[in-house]
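This is what each chain is made of:
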Amino acid sequence: MKALVYHGPGKKSWEEKPKPTILEATDAIIKIYKTTICGTDLHILKGDVPAVTDGRILGHEGIGVIEEVGSAVTNFKKGDRVLISCISSCGKCEYCKKGMYSHCEKGGWILGHLIDGTQAEYVRTPFADTSLYHIPENADDEAIVMLSDILPTGFECGVLNGQIKPGDTVAIVGAGPIGLAVLLTAQFYTPSAIIMIDLDDYRLSETKKLGATHTINSQKEDAVAKVLSLTENKGVDVAIEAVGIPATFELCESIIAPGGHIANIGVHGKSVTLHLETLWSKNITITTRLVDTVTTPMLLKTVSSKKIDATKLITHHFALENIMQAYDTFQKCSKR
Ligand SMILES: [Zn+2]
Ligand SMILES: [Zn+2]
(Lines give C-alpha, C1' and ligand atoms only; values in the text may rest on other atoms or scores of the structure.)
(Ligands and ions follow the chains in the order given, each with its own letter.)
Protein backbone atom coordinates (compact mmCIF):
# COMPACT_ATOMS: atom_id res chain seq x y z
CA MET A 1 0.00 0.00 0.00
CA LYS A 2 1.00 3.65 -0.23
CA ALA A 3 1.62 5.82 2.83
CA LEU A 4 3.03 9.18 3.92
CA VAL A 5 6.24 8.36 5.78
CA TYR A 6 8.34 10.55 8.08
CA HIS A 7 12.10 10.40 7.59
CA GLY A 8 13.44 12.79 10.24
CA PRO A 9 13.01 16.58 10.61
CA GLY A 10 11.95 18.22 7.35
CA LYS A 11 11.80 14.91 5.45
CA LYS A 12 8.78 12.92 4.34
CA SER A 13 7.76 10.89 1.32
CA TRP A 14 4.75 9.16 -0.24
CA GLU A 15 5.98 5.62 -0.63
CA GLU A 16 5.21 1.91 -0.69
CA LYS A 17 4.81 0.23 2.75
CA PRO A 18 3.53 -3.23 3.74
CA LYS A 19 -0.23 -3.42 4.34
CA PRO A 20 -0.85 -3.66 8.11
CA THR A 21 -2.05 -6.92 9.66
CA ILE A 22 -3.82 -7.82 12.91
CA LEU A 23 -1.21 -8.05 15.69
CA GLU A 24 -3.47 -8.22 18.76
CA ALA A 25 -6.95 -9.73 19.18
CA THR A 26 -8.30 -6.23 19.97
CA ASP A 27 -7.04 -4.68 16.68
CA ALA A 28 -8.94 -3.64 13.58
CA ILE A 29 -7.60 -3.03 10.08
CA ILE A 30 -9.31 -0.09 8.39
CA LYS A 31 -9.31 0.95 4.77
CA ILE A 32 -8.96 4.74 4.96
CA TYR A 33 -11.65 6.70 3.22
CA LYS A 34 -10.75 10.23 4.34
CA THR A 35 -7.90 11.60 6.44
CA THR A 36 -6.51 15.03 7.33
CA ILE A 37 -3.21 16.70 8.15
CA CYS A 38 -2.97 18.13 11.65
CA GLY A 39 -0.88 21.03 12.96
CA THR A 40 0.72 18.34 15.13
CA ASP A 41 2.04 16.67 11.96
CA LEU A 42 3.76 19.95 11.09
CA HIS A 43 5.28 20.04 14.59
CA ILE A 44 6.54 16.47 14.04
CA LEU A 45 8.10 17.55 10.74
CA LYS A 46 9.82 20.47 12.49
CA GLY A 47 11.38 17.94 14.89
CA ASP A 48 9.31 19.08 17.89
CA VAL A 49 8.17 15.53 18.70
CA PRO A 50 11.37 13.44 18.89
CA ALA A 51 9.49 10.23 19.83
CA VAL A 52 8.45 10.03 16.18
CA THR A 53 11.19 8.07 14.46
CA ASP A 54 12.38 7.61 10.88
CA GLY A 55 10.01 5.35 8.92
CA ARG A 56 6.83 6.19 10.83
CA ILE A 57 3.60 6.61 8.84
CA LEU A 58 2.08 9.90 10.02
CA GLY A 59 -1.57 10.77 10.68
CA HIS A 60 -3.98 10.29 13.59
CA GLU A 61 -7.27 11.38 12.06
CA GLY A 62 -9.63 9.78 9.61
CA ILE A 63 -12.64 7.70 8.76
CA GLY A 64 -12.79 4.43 6.92
CA VAL A 65 -14.32 1.02 6.44
CA ILE A 66 -13.37 -1.99 8.54
CA GLU A 67 -11.46 -4.60 6.52
CA GLU A 68 -10.79 -7.05 9.31
CA VAL A 69 -11.12 -7.28 13.10
CA GLY A 70 -9.21 -9.30 15.69
CA SER A 71 -10.93 -12.18 17.52
CA ALA A 72 -11.67 -10.11 20.66
CA VAL A 73 -13.44 -7.24 18.86
CA THR A 74 -17.20 -7.40 19.46
CA ASN A 75 -18.58 -3.93 18.62
CA PHE A 76 -17.37 -3.77 15.01
CA LYS A 77 -17.29 -6.07 11.99
CA LYS A 78 -16.01 -6.06 8.42
CA GLY A 79 -17.78 -3.44 6.34
CA ASP A 80 -18.66 -1.08 9.23
CA ARG A 81 -18.03 2.62 8.56
CA VAL A 82 -16.03 4.05 11.44
CA LEU A 83 -14.56 7.22 12.89
CA ILE A 84 -11.00 6.69 14.15
CA SER A 85 -10.24 8.55 17.37
CA CYS A 86 -6.79 10.16 17.54
CA ILE A 87 -6.54 8.65 21.03
CA SER A 88 -6.40 4.89 21.45
CA SER A 89 -7.94 3.73 24.71
CA CYS A 90 -7.61 0.26 26.27
CA GLY A 91 -10.61 1.02 28.49
CA LYS A 92 -9.10 -0.95 31.36
CA CYS A 93 -6.11 0.89 32.84
CA GLU A 94 -6.16 3.36 35.73
CA TYR A 95 -6.19 6.40 33.41
CA CYS A 96 -8.89 5.02 31.11
CA LYS A 97 -11.05 4.29 34.16
CA LYS A 98 -10.66 7.98 35.13
CA GLY A 99 -11.69 9.05 31.61
CA MET A 100 -8.16 10.30 30.93
CA TYR A 101 -7.74 8.24 27.76
CA SER A 102 -4.91 10.50 26.57
CA HIS A 103 -2.70 8.88 29.19
CA CYS A 104 -3.89 5.30 28.63
CA GLU A 105 -1.03 3.07 29.79
CA LYS A 106 -1.16 1.04 26.58
CA GLY A 107 -2.57 3.62 24.20
CA GLY A 108 -3.14 7.38 24.31
CA TRP A 109 -1.87 9.35 21.33
CA ILE A 110 0.06 6.59 19.58
CA LEU A 111 -1.33 6.69 16.00
CA GLY A 112 1.12 8.45 13.69
CA HIS A 113 3.40 8.90 16.72
CA LEU A 114 4.53 5.62 18.28
CA ILE A 115 2.76 3.32 15.80
CA ASP A 116 1.90 3.80 12.14
CA GLY A 117 -0.91 6.25 11.44
CA THR A 118 -3.79 7.08 9.15
CA GLN A 119 -2.16 8.93 6.23
CA ALA A 120 -2.10 5.67 4.30
CA GLU A 121 -4.39 3.40 2.35
CA TYR A 122 -4.80 1.13 5.41
CA VAL A 123 -4.21 1.49 9.13
CA ARG A 124 -4.12 -0.89 12.09
CA THR A 125 -6.00 0.59 15.05
CA PRO A 126 -5.45 -0.97 18.48
CA PHE A 127 -8.29 -1.36 21.05
CA ALA A 128 -10.92 -1.14 18.33
CA ASP A 129 -13.91 -1.58 20.66
CA THR A 130 -12.95 1.40 22.81
CA SER A 131 -11.27 3.65 20.21
CA LEU A 132 -13.57 3.58 17.16
CA TYR A 133 -17.07 5.00 16.68
CA HIS A 134 -19.81 3.94 14.30
CA ILE A 135 -20.64 6.69 11.79
CA PRO A 136 -24.38 7.49 11.90
CA GLU A 137 -26.32 6.56 8.73
CA ASN A 138 -26.94 9.97 7.19
CA ALA A 139 -24.02 11.87 8.68
CA ASP A 140 -21.83 14.02 6.44
CA ASP A 141 -18.58 12.02 6.16
CA GLU A 142 -16.35 15.08 5.89
CA ALA A 143 -17.85 16.65 9.00
CA ILE A 144 -17.21 13.40 10.87
CA VAL A 145 -13.46 13.51 10.10
CA MET A 146 -13.32 16.70 12.19
CA LEU A 147 -14.24 14.53 15.21
CA SER A 148 -11.05 12.41 15.17
CA ASP A 149 -9.09 15.19 16.84
CA ILE A 150 -9.88 18.79 15.92
CA LEU A 151 -13.28 19.25 17.53
CA PRO A 152 -12.66 17.27 20.75
CA THR A 153 -9.25 18.96 21.13
CA GLY A 154 -10.67 22.46 20.70
CA PHE A 155 -13.56 21.67 23.00
CA GLU A 156 -11.78 19.75 25.78
CA CYS A 157 -8.41 21.54 25.92
CA GLY A 158 -9.78 24.99 25.04
CA VAL A 159 -13.44 25.42 25.94
CA LEU A 160 -13.80 23.00 28.89
CA ASN A 161 -10.39 23.71 30.41
CA GLY A 162 -10.91 27.44 29.85
CA GLN A 163 -14.24 27.09 31.72
CA ILE A 164 -16.04 29.41 29.32
CA LYS A 165 -19.27 30.67 30.89
CA PRO A 166 -22.21 32.68 29.50
CA GLY A 167 -21.20 36.32 29.13
CA ASP A 168 -17.44 35.68 29.28
CA THR A 169 -14.99 37.47 27.04
CA VAL A 170 -12.81 34.99 25.19
CA ALA A 171 -9.66 35.42 23.10
CA ILE A 172 -8.55 32.62 20.79
CA VAL A 173 -4.92 32.99 19.71
CA GLY A 174 -4.48 31.16 16.41
CA ALA A 175 -7.17 30.83 13.73
CA GLY A 176 -6.01 27.50 12.33
CA PRO A 177 -8.24 24.40 12.42
CA ILE A 178 -7.98 24.03 16.21
CA GLY A 179 -8.69 27.72 16.81
CA LEU A 180 -11.76 27.40 14.59
CA ALA A 181 -12.87 24.28 16.47
CA VAL A 182 -12.65 26.31 19.68
CA LEU A 183 -14.61 29.11 18.03
CA LEU A 184 -17.44 26.74 17.01
CA THR A 185 -17.69 24.87 20.30
CA ALA A 186 -17.20 27.94 22.55
CA GLN A 187 -20.59 29.10 21.32
CA PHE A 188 -22.30 26.23 23.22
CA TYR A 189 -21.76 28.52 26.24
CA THR A 190 -22.79 31.90 24.72
CA PRO A 191 -19.75 34.05 25.61
CA SER A 192 -20.36 37.79 25.11
CA ALA A 193 -17.26 38.32 22.95
CA ILE A 194 -14.95 36.04 21.02
CA ILE A 195 -11.79 37.80 19.84
CA MET A 196 -9.76 35.92 17.23
CA ILE A 197 -6.04 36.76 16.97
CA ASP A 198 -3.93 35.56 14.02
CA LEU A 199 -1.41 36.81 11.45
CA ASP A 200 -3.51 36.03 8.39
CA ASP A 201 -6.25 38.41 7.23
CA TYR A 202 -8.03 35.75 5.17
CA ARG A 203 -8.27 33.36 8.09
CA LEU A 204 -9.46 36.19 10.33
CA SER A 205 -12.16 37.32 7.90
CA GLU A 206 -13.46 33.72 7.71
CA THR A 207 -13.79 33.58 11.50
CA LYS A 208 -16.33 36.42 11.38
CA LYS A 209 -18.66 34.09 9.47
CA LEU A 210 -18.23 31.45 12.18
CA GLY A 211 -19.14 33.65 15.13
CA ALA A 212 -16.07 35.72 16.03
CA THR A 213 -17.13 39.13 17.34
CA HIS A 214 -13.72 40.80 16.84
CA THR A 215 -10.53 39.99 14.95
CA ILE A 216 -6.99 41.22 15.49
CA ASN A 217 -4.09 40.78 13.10
CA SER A 218 -1.22 40.79 15.60
CA GLN A 219 1.32 41.52 12.86
CA LYS A 220 -0.45 44.75 11.93
CA GLU A 221 -1.67 46.02 15.28
CA ASP A 222 -0.76 45.82 18.97
CA ALA A 223 -2.82 42.82 20.06
CA VAL A 224 -2.46 43.51 23.79
CA ALA A 225 -3.58 47.15 23.48
CA LYS A 226 -6.49 46.16 21.24
CA VAL A 227 -7.74 43.42 23.60
CA LEU A 228 -7.51 45.81 26.56
CA SER A 229 -9.46 48.47 24.63
CA LEU A 230 -12.18 45.92 23.82
CA THR A 231 -12.49 44.78 27.45
CA GLU A 232 -12.58 48.04 29.47
CA ASN A 233 -8.85 47.55 30.19
CA LYS A 234 -9.55 44.32 32.07
CA GLY A 235 -8.36 41.70 29.61
CA VAL A 236 -10.31 38.57 28.72
CA ASP A 237 -11.87 36.02 31.06
CA VAL A 238 -10.55 33.17 28.95
CA ALA A 239 -7.44 33.17 26.71
CA ILE A 240 -6.94 30.09 24.59
CA GLU A 241 -3.55 29.33 23.04
CA ALA A 242 -4.00 27.42 19.78
CA VAL A 243 -0.60 27.77 18.08
CA GLY A 244 2.20 26.29 20.21
CA ILE A 245 5.00 28.89 20.15
CA PRO A 246 6.34 31.07 23.00
CA ALA A 247 5.00 34.36 21.53
CA THR A 248 1.39 33.19 21.46
CA PHE A 249 1.47 31.75 24.99
CA GLU A 250 3.06 34.94 26.30
CA LEU A 251 0.37 36.94 24.50
CA CYS A 252 -2.23 34.99 26.50
CA GLU A 253 -0.36 35.92 29.70
CA SER A 254 -0.53 39.60 28.71
CA ILE A 255 -4.27 39.73 28.00
CA ILE A 256 -5.75 37.66 30.82
CA ALA A 257 -8.14 39.39 33.23
CA PRO A 258 -8.00 38.84 37.00
CA GLY A 259 -9.64 35.49 37.79
CA GLY A 260 -9.16 34.37 34.20
CA HIS A 261 -8.23 31.05 32.66
CA ILE A 262 -5.38 30.49 30.20
CA ALA A 263 -6.01 27.23 28.39
CA ASN A 264 -3.08 25.94 26.40
CA ILE A 265 -3.80 23.70 23.42
CA GLY A 266 -0.68 24.18 21.29
CA VAL A 267 2.06 21.55 20.96
CA HIS A 268 5.16 23.33 22.30
CA GLY A 269 8.68 22.46 21.22
CA LYS A 270 10.36 25.26 23.21
CA SER A 271 10.04 26.54 26.78
CA VAL A 272 8.01 29.70 27.35
CA THR A 273 8.44 32.43 29.94
CA LEU A 274 5.96 32.32 32.81
CA HIS A 275 5.47 35.95 33.82
CA LEU A 276 4.80 35.41 37.52
CA GLU A 277 6.03 38.96 38.19
CA THR A 278 2.71 40.16 36.72
CA LEU A 279 0.51 37.09 37.22
CA TRP A 280 1.23 36.08 40.83
CA SER A 281 -1.57 38.23 42.22
CA LYS A 282 -4.13 37.86 39.42
CA ASN A 283 -5.94 34.68 40.56
CA ILE A 284 -5.50 33.09 37.20
CA THR A 285 -5.53 29.43 36.25
CA ILE A 286 -3.28 27.94 33.58
CA THR A 287 -4.24 24.57 32.16
CA THR A 288 -2.63 22.07 29.83
CA ARG A 289 -4.20 18.95 28.39
CA LEU A 290 -3.82 16.36 25.72
CA VAL A 291 -7.25 15.65 24.28
CA ASP A 292 -8.93 12.68 25.99
CA THR A 293 -11.71 12.38 23.37
CA VAL A 294 -14.18 11.78 26.22
CA THR A 295 -16.54 14.28 24.58
CA THR A 296 -16.47 12.58 21.17
CA PRO A 297 -19.87 10.84 21.70
CA MET A 298 -21.48 14.19 22.60
CA LEU A 299 -19.78 16.03 19.72
CA LEU A 300 -20.80 13.24 17.33
CA LYS A 301 -24.43 14.05 18.21
CA THR A 302 -24.01 17.81 17.78
CA VAL A 303 -22.28 17.35 14.42
CA SER A 304 -24.71 14.68 13.14
CA SER A 305 -27.68 16.87 14.07
CA LYS A 306 -25.91 19.90 12.50
CA LYS A 307 -26.02 21.90 15.75
CA ILE A 308 -22.49 22.77 14.70
CA ASP A 309 -21.43 22.71 11.08
CA ALA A 310 -18.01 21.09 11.08
CA THR A 311 -17.76 21.21 7.27
CA LYS A 312 -16.99 24.92 7.70
CA LEU A 313 -13.55 23.86 8.93
CA ILE A 314 -12.72 22.31 5.56
CA THR A 315 -11.26 24.44 2.76
CA HIS A 316 -9.14 22.15 0.57
CA HIS A 317 -9.58 18.65 -0.87
CA PHE A 318 -6.86 16.39 -2.28
CA ALA A 319 -6.75 12.82 -3.52
CA LEU A 320 -4.76 10.68 -1.07
CA GLU A 321 -1.92 10.21 -3.56
CA ASN A 322 -1.54 14.03 -3.69
CA ILE A 323 -0.89 14.27 0.05
CA MET A 324 2.59 15.77 -0.49
CA GLN A 325 0.91 18.69 -2.27
CA ALA A 326 -1.65 18.88 0.55
CA TYR A 327 1.21 19.20 3.08
CA ASP A 328 2.76 22.03 1.02
CA THR A 329 -0.54 23.89 0.97
CA PHE A 330 -1.15 23.40 4.70
CA GLN A 331 2.42 24.45 5.54
CA LYS A 332 2.01 27.64 3.50
CA CYS A 333 -1.33 28.44 5.20
CA SER A 334 0.14 27.79 8.63
CA LYS A 335 3.20 30.03 8.05
CA ARG A 336 5.19 28.17 10.67
ZN1 LIG B 1 -4.54 16.09 15.00
ZN1 LIG C 1 -6.04 2.49 29.06
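Keep in mind that this is a model prediction, so the values were computed, not measured. (Residues numbered from 1 in each chain as written. Chains lettered and ligands numbered in written order. Predicted model: local features only at pLDDT ≥ 70, side-chain atom pairs only at ≥ 80, totals over all residues. Heavy atoms only, no water.)

Draft legend 1. Spatial organisation of the overall build of the protein. Along the protein, the regular secondary structure elements total 12 helices and 13 strands. In terms of overall dimensions, the protein is globule-like: its C-alpha atoms have a radius of gyration of 20 Å, near the 20 Å expected for 336 residues. Counting the 336 residues in the protein, one finds 54% classified as buried. Of the contacts formed within the protein by residues at least 6 apart in sequence, a portion of 68% connects residues at least 24 apart. Total accessible area on the protein is roughly 14,700 Å²; 53% of this is exposed by carbon and sulfur atoms. Averaging the positions of the 34 positive and the 39 negative side-chain charges in the protein gives two centres separated by 2 Å. (Helix = DSSP H or I, 4+ residues; strand = E, 2+ residues; numbered from the N terminus. Rg over C-alpha atoms; globule rule 2.2 N^0.38 Å. Buried < 20%, exposed > 50% of the residue type's maximum accessible area, 1.4 Å probe, protein only. Contact = heavy atoms within 4.5 Å. Areas by Shrake-Rupley, 256 points an atom, 1.4 Å probe, with all protein chains shown as cover. Lys, Arg positive; Asp, Glu negative; His and termini not counted. Charge placed at Lys NZ, Arg CZ, Asp CG, Glu CD.)

Draft legend 2. Inspection of the coordination of the zinc ion (ligand 2) at higher detail. Binding of the zinc ion (ligand 2) to the protein goes through Cys90 (SG), Cys93 (SG), Cys96 (SG) and Cys104 (SG), at separations of 2.3 to 2.4 Å. Seen from the zinc ion (ligand 2), its 4 donor atoms lie at angles of 102 to 119°, and the figure they make is tetrahedral. In primary-sequence terms, the residues that donate to the zinc ion (ligand 2) follow C-x2-C-x2-C-x7-C. Of this pair, cysteine 90 sits in the loop between strand 5 (81-84) and helix 2 (94-97) while cysteine 104 sits in the loop between helix 2 and strand 6 (122-125), placing them 14 residues apart in sequence. Cysteine 104 matches cysteine 90 in its accessibility class, with the two residues each being buried. (Donors = N, O, S within 2.8 Å, 3.2 Å for Na, K, Ca; no water. Tetrahedral: all angles 85-135°; square planar, octahedral: opposite > 155°, others 65-115°.)

Draft legend 3. Spatial organisation of the sheet that holds strand 10 (residues 214-217). Here we have 6 strands laid out as an open sheet, ordered 10-9-8-11-12-13, and parallel in their pairing. Looking at strand neighbours, the two that pair on one side only are strand 10 and strand 13 (285-287), the edges of this open sheet. With direction set aside, neighbouring strand axes in the sheet form an average angle of 15°. The pairing of strand 9 (residues 193-198) with strand 10 spans 4 bridges and is parallel. When the bridges of strand 10 are listed, aspartate 198 appears paired with asparagine 217. Relative to the sheet, helix 9 (residues 246-255) contacts strand 8 (169-173), strand 9, strand 11 (236-241), strand 12 (256-264) and strand 13, its axis offset from that of strand 12 by approximately 160°. (Pairing = 2+ DSSP bridges. Axes fitted to C-alpha atoms, helices over the stretch in contact; angles between N-to-C directions.)

Draft legend 4. Expanded view of the pattern of salt bridges. Scanning the model with the defined rule gives 15 salt bridges in all. Close ionic contact of glutamate 67 with lysine 19 constitutes a salt bridge, the shortest N to O distance being 3.3 Å. With a gap of 48 residues between them, glutamate 67 in strand 4 (residues 62-69) and lysine 19 in the loop between strand 2 (12-16) and strand 3 (28-35) connect regions that are remote in the sequence. By relative accessible area, glutamate 67 is classed as partly exposed at 24%. Here lysine 98 ties to glutamate 94 by a salt bridge, and the two come within 3.7 Å at their closest N and O atoms. (Salt bridge = Lys/Arg side-chain N within 4 Å of Asp/Glu carboxyl O.)

Draft legend 5. Structural detail: the coordination of the zinc ion (ligand 1). Around the zinc ion (ligand 1), the protein supplies Cys38 (SG), His60 (NE2), Glu61 (OE) and Asp149 (OD) as donor atoms, at distances of 1.8 to 2.2 Å. The site at the zinc ion (ligand 1) holds 4 donor atoms, and with the angles between them running 99 to 127°, its shape is tetrahedral.

Draft legend 6. Layout of the environment of threonine 296. For threonine 296, the location among the structural elements is in helix 11 (residues 296-304). Taking C-alpha positions, threonine 296 is 6.7 Å from leucine 147, a pair spaced 149 residues apart along the chain. Excluding residues within four positions of it along the chain, threonine 296 makes contact with Leu83, Tyr133, Leu147, Pro152 and Glu156.

Draft legend 7. The pairing of strand 5, seen in detail. Judged from the 4 bridges that link them, strand 4 and strand 5 form a sheet pairing that is antiparallel. In the sheet register, glycine 64 faces strand 5, and the bridge partner there is valine 82. Bridge analysis of strand 5 against strand 7 (residues 132-134) gives 3 bridges, and the strand direction is antiparallel. Among the inter-strand pairings, isoleucine 84 is bridged to a residue of strand 7, identified as leucine 132.

Draft legend 8. View of the nonpolar core. By size, the foremost hydrophobic cluster in this structure holds 60 residues, and its most contacted members are Ile144 and Leu151. In terms of residue count, helix 6 (residues 177-186) provides more of this core than any other element does, 7 residues in total. With sequence-adjacent residues up to four places away left out, leucine 151 is seen in contact with Met146, Ala181, Thr185, Leu299, Val303, Ile308, Ala310 and Leu313. Grouped together as the second largest cluster of nonpolar side chains are 17 residues, Ala239, Ile255, Ile262 and Leu279 included. (Core = buried A, V, L, I, M, F, W, Y, C linked by side-chain atoms within 4.5 Å.)

Draft legend 9. Molecular detail of helix 11. Within the span of helix 11, buried status applies to Thr296, Leu299, Leu300, Thr302 and Val303. Around the axis of helix 11, the buried residues are gathered within 170° of arc, so they sit on the same side. Buried-residue contacts for helix 11 involve strand 5, strand 7, helix 4 (141-145), helix 5 (150-160) and helix 6. Immediately downstream of helix 11, the backbone of lysine 306 shows phi near 60°, a positive value. (Arc of directions from axis to C-beta.)

Draft legend 10. View of the sheet that holds strand 6. Read across the sheet, 5 strands follow the order 6-3-4-5-7 without closing on themselves; strand pairing throughout is antiparallel. Each of the sheet's edge strands pairs with one partner strand only, and the pair in question is strand 6 and strand 7. Put simply, the sheet's adjacent strands are angled 45° from each other on average, direction ignored. Packed onto the sheet, helix 11 meets strand 5 and strand 7 and runs at close to 35° relative to strand 7.

Draft legend 11. Representation of unusual backbone geometry within the structure. Backbone geometry places phenylalanine 127, a non-glycine residue, at a positive phi of 50°. Within the secondary structure, phenylalanine 127 sits in the loop between strand 6 and helix 3 (128-131). Relative accessible area serves as the criterion here: at 15%, phenylalanine 127 is assigned to the buried category. You will see that threonine 190, though not glycine, has its phi angle at about 45°, which is positive. Mapping threonine 190 onto the fold places it in the loop between helix 6 and strand 9.

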